[in-house]
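# Report on the structure
What follows is each chain in one-letter form.
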Amino acid sequence: MNKPAKRSANVSSQPWLHQHSAEVQKFGTVRQFPIALSVDARRYSCERLNQILADSQILYALYKKHHWLMRGATFYQLHLLLDKHAGEQNELIDAIAERVQTLGGVAVGDPRHVAEITRIDRAPNGAEEPPAMLSRLLEAHEAILIDAHDAAKRVGEMGDDGTNDLIVSEVIRTGELQCWFLAEHLVDTPLVRA
Ligand SMILES: [Fe+2]
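### Structural notes on the pattern of salt bridges
The final tally for this structure, using the stated rule, is eleven salt bridges. Across the pair R48 and D147 runs a salt bridge whose closest N-O atoms are separated by 3.0 Å. Of this pair, R48 sits in helix α1 (residues 39–69) while D147 is found in helix α4 (residues 130–157), placing the two residues 99 residues apart along the sequence. By the burial criterion, R48 is buried, and D147 matches it.

In structure tokens, the structure reads:
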């Protein structure tokens, strides 16, 4: 009687490593999703969202940089505050990126791609004085807010209510609140005597 055939050499527990593929969707294109929004509206929203996404990723990185590089008498509270804001921006980044995907687009992800798209000024590689760090963060916030107000209005005009809502209720409101907390640290108040 013949022995049962050996299992095929192809059946194994070996992962198929080092796999590569061509791009299956180009950046800037949208797939067809049945969400009652035209291709033009979805493509336009993705373009505006990717700008906000790139700038928000830079803002997140600036928050972490300044969280690490903070110094001086208010080190501890600013160290904690900037990390809290970084965490909130990180959540925002995920929400924006997933909105791009929801619209059938491709979210900007690689930091080197982010650097090509962002309009936020580059910080020096070294450390600045704490008030300059805070001013830099405020300027990045305001650049995003200016863009976000315009983007919210225009995507709304094209019928993309969901993107309008995300930009208004998350990007703008979070940004405005974080600006308040930063700006209060730049008020020159006496520490001990009024
Ligand atoms: Fe930390």
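### Brief notes about the environment of S21
Here S21 lies in the segment before α1. With a relative accessible area of 65%, S21 lands in the exposed category. C-alpha separation for the pair S21 and P190, spaced 169 residues apart in sequence, amounts to 62 Å.

### Focus: the packing of aromatic side chains
If you walk through the whole model with that rule in mind, you get one aromatic pair. When the centroid spacing of 4.9 Å and the interplanar angle of 70° are considered together, the rings of W180 and F181 count as edge-to-face.

### Observations regarding the layout of surface pockets
Remark: the empty space left among the atoms is shown by a probe the size of a water molecule rolled over them. Of the voids in this model, the largest pocket is the one considered here, and its volume is about 390 Å³. Taken together, 16 residues form the lining of the largest pocket, with T74, H185, L186, V187 and L191 sitting closest to its centre. Those elements that provide at least two residues to the lining of the largest pocket are α2 (75–102) and α4. When residues of the lining of the largest pocket are assigned to their parent elements, the largest contribution, three residues, is made by α4. A per-class count over the lining of the largest pocket returns eight nonpolar, five polar and three charged. Reported here for the second largest pocket is a volume of approximately 250 Å³. Looking at the second largest pocket, it is lined by 13 residues, and the ones nearest its centre are I58, A61, V114, A115 and T118. Tallied by class, the residues present in the lining of the second largest pocket amount to eight nonpolar, two polar and three charged.

Reading the values: the criteria
- Residues numbered from 1 in each chain as written.
- Predicted model: local features only at pLDDT ≥ 70, side-chain atom pairs only at ≥ 80, totals over all residues.
- Heavy atoms only, no water.
- Salt bridge = Lys/Arg side-chain N within 4 Å of Asp/Glu carboxyl O.
- Helix = DSSP H or I, 4+ residues; strand = E, 2+ residues; numbered from the N terminus.
- Buried < 20%, exposed > 50% of the residue type's maximum accessible area, 1.4 Å probe, protein only.
- Phe/Tyr/Trp six-rings, centres within 6.5 Å; stacked < 30°, edge-to-face > 60°.
- 1 Å grid on protein atoms, 1.4 Å probe; cavity = no way out; pocket = protein on both sides within 12 Å on 5 of 7 lines; lining within 4 Å.
- Points joined across faces, edges and corners; volume = space filled by probe spheres on them.
- Nonpolar A, V, L, I, M, F, W, Y, C, P; charged D, E, K, R; others polar.

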